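Listed below, chain by chain, are the residues.
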Amino acid sequence: MILEKTIERVSEQQRNRIETQDYGLRRELLSNLNLHSSHALIISGIRRCGKSTLLMQIIKELNLKDYIYINFETPQLYGFSLNDFTKLDNIIKKQNSKILFFDEIQLIDKWEIYVRQKLDEGFQIVITGSNASLLSYELGTKLTGRHITKELFPFSYNEFLTFKNLLPSSESLELYLKTGGFPEYLKSNDNEQLSTLFDDILIRDIVARYGIKDIRTIQRLSSYLISNAGNKISASKLKQALSIGATSTILNWLSYLELSYLFLLLPMYSHSVKAQMINPKKVYSIDNGIIEVNSISYTEDKGRKFENLIFLHLKRLHQELYYFNFKKECDFIVMNKNSVGIPVQVCYDLTNDNINREIEGLLETMRFFNQKKGFIVTFDTTDKILKDDKEIEIIPAYKYLLKY
């Protein structure tokens, strides 16, 4: 139980803090956000990617005055329960607020019941959370059809250029490839920040949340995944490598890691949902800086990091993304409802030794989906190939990331 005066004091302190902190770089996602009285706006993303700053930008951009802001991830609100929302109601009534901003509300059991009630009362509500369960179970029960969801990532390449005051070039791309886009890390260049973030998510958001007892093994799994970004994985092979008794344990752990946004899994394209489930998935990290700091690989492997970077770009723009593998392989194919996007092949350094493999994999995908155009995204190569009525554009990533 939390005292009403404690909730009110915390809300005032947090509001003052958020109104006086640095406005930061205006996020690209801001242009796609709208407040509604009929739907809750859900903003989800990994810890430290800038969700609280984005809330402040919403508040300042709309010049809001009468609102309540509460971040539930504060020691003063530990133990907050469903019954304590009655006290919050008293504060809302006292301040005559009709817009509610809730940070990390998923920490409160049955929070969705309260949010549904406030929507029914005509309130505008914005919610952030660092666990993708915000987008699944809770929303699928009490908030069915009453929410709009958006995902926030660390800085895109375009945001990175603005933040660092750089121009698009192979030099700035090389830097972005290494540092990634976590805002605070880009300010400090302190590797310990990304190392601590990796460990905190693992322990606080996964081990503690799901009651995992074998901490050392899930740490080994996470180290393996971060060192193999861009590679295919399967639960059965990971089970053997880590000497774990049940494949279901690996599947559960992979699910938890994905829900925390630490890793993202890419399925193989197939008409069959079952085939998508049983075939190996490709694993990617949420940020290249996290790979750089936490990978235990002894080789730099720029190709895998480069592929990770292009994946993140496509994931920001598209919900439905696959890799294609029939006789040959293509790195990415985008599906938008029932339409197919332009296939994308990724190759850091296109050479005489690998160009035929990259072209053939892309052409097979283009024929399968009846696409006239495809991309090969490289580090700094520009070219165009016409073959069999198909056009392949070879484009440097520093141009592709800003144009497509």
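Quantities reported herein were computed from a predicted structural model and do not represent experimental measurements.

Another point: the sheet that holds strand β8 (residues 281-285). The three strands are arranged β6-β8-β7 in an open sheet whose pairing can be described as antiparallel. In this open sheet, the two strands that pair with only one neighbour each are β6 (232-233) and β7 (263-266). Here four bridges tie β7 to β8, and the two strands are oriented antiparallel to one another. Paired with L264 across the strands is Y284, a residue of β8. Where helix α15 (residues 302-317) meets the sheet, its contacts fall on β7 and β8, and the angle it forms with β8 comes to roughly 90°.

We now examine the side chain of H313. Secondary-structure assignment places H313 in helix α15. Taking relative accessible area as the criterion, H313 reaches 9% and is therefore assigned buried. Ignoring any residue separated from it by four or fewer positions in sequence, one finds H313 in contact with Y400, L401 and Y404.

In terms of nonpolar packing, the biggest core is built from 88 residues, with F101, I290, I310 and F332 touching the most fellow members. If you tally residues by element for this core, the top one is helix α9 (residues 191-210), at seven residues. When near neighbours in sequence (up to four residues on either side) are disregarded, F332 contacts L266, Y284, E307, I310, F311, L314, L321, Y322, P343, V344 and V346. Counting residues in each nonpolar core, the second largest holds 26 residues, with I70, L88, L119 and L143 among its members.

Attention now moves to the pairing of strand β3 (residues 99-103). Counting buried positions along β3 gives five out of five residues, so the element sits mostly inside the fold. Judged by which residues are buried, β3 turns out to be covered on both faces: I99, F101 and D103 on one side and L100 and F102 on the other are all buried. Running through helix α4 (residues 111-120), the crossover from β3 to the neighbouring parallel element strand β4 (residues 124-129) is right-handed.

Turning our eyes to something else, we now look at the environment of L350. Relative to the helices and strands, L350 resides in the loop between β12 (344-346) and α16 (355-368). The buried category is assigned to L350, whose relative accessible area is 15%. Considering only alpha carbons, one finds L350 and E12, 338 residues apart in sequence, at a separation of 56 Å.

Time to look at the sheet that holds strand β5 (residues 147-151). Spatially, five strands are ordered β2-β3-β4-β1-β5 in an open sheet, and the strand pairing comes out parallel. Since the sheet does not close on itself, it has two edges, and those belong to β2 (67-71) and β5, each with one partner. Direction aside, the axes of adjacent strands within the sheet are offset by 15° on average. When β3 meets β4, the two strands line up parallel, connected through five bridges. Following the sheet pairing, D103 is matched in β4 by T128.

Right, let's get into α15. Since the α-helix packs 3.6 residues into each turn, any two residues three or four apart lie on the same face. With 16 residues, α15 should cover 22 Å at 1.5 Å per step; its first-to-last C-alpha distance of 23 Å lies within 8% of that length. Every buried residue of α15 is accounted for by K305, F306, E307, N308, L309, I310, F311, L312, H313 and L314.

The next thing to look at is the pattern of salt bridges. Within this structure, the stated rule accounts for 27 salt bridges. Of the charged contacts, one joins R27 and E159 as a salt bridge, the two residues approaching to 3.0 Å between their closest N and O atoms. Pair noted here: R27 is in the loop between α1 (4-20) and β1 (40-44) and E159 is in helix α6 (residues 157-164), with a separation of 132 residues, a long-range link. Judged by relative accessible area, which is 4%, R27 ranks as buried. Across the pair E184 and K187 runs a salt bridge whose closest N-O atoms are separated by 3.3 Å. Here K187 and E184 lie together in helix α8 (residues 183-188), a separation of three residues that amounts to about one turn. A relative accessible area of 48% means that K187 is categorised as partly exposed. Because the salt bridges share partners, they merge into one network encompassing K232, K282, R304, E307, E329 and D331.

About the cut-offs
Residues numbered from 1 in each chain as written. Predicted model: local features only at pLDDT ≥ 70, side-chain atom pairs only at ≥ 80, totals over all residues. Heavy atoms only, no water. Pairing = 2+ DSSP bridges. Helix = DSSP H or I, 4+ residues; strand = E, 2+ residues; numbered from the N terminus. Contact = heavy atoms within 4.5 Å. Axes fitted to C-alpha atoms, helices over the stretch in contact; angles between N-to-C directions. Buried < 20%, exposed > 50% of the residue type's maximum accessible area, 1.4 Å probe, protein only. Core = buried A, V, L, I, M, F, W, Y, C linked by side-chain atoms within 4.5 Å. Right-handed = clockwise from strand over helix to strand, strands pointing away. Expected span 1.5 Å × (residues − 1). Salt bridge = Lys/Arg side-chain N within 4 Å of Asp/Glu carboxyl O.

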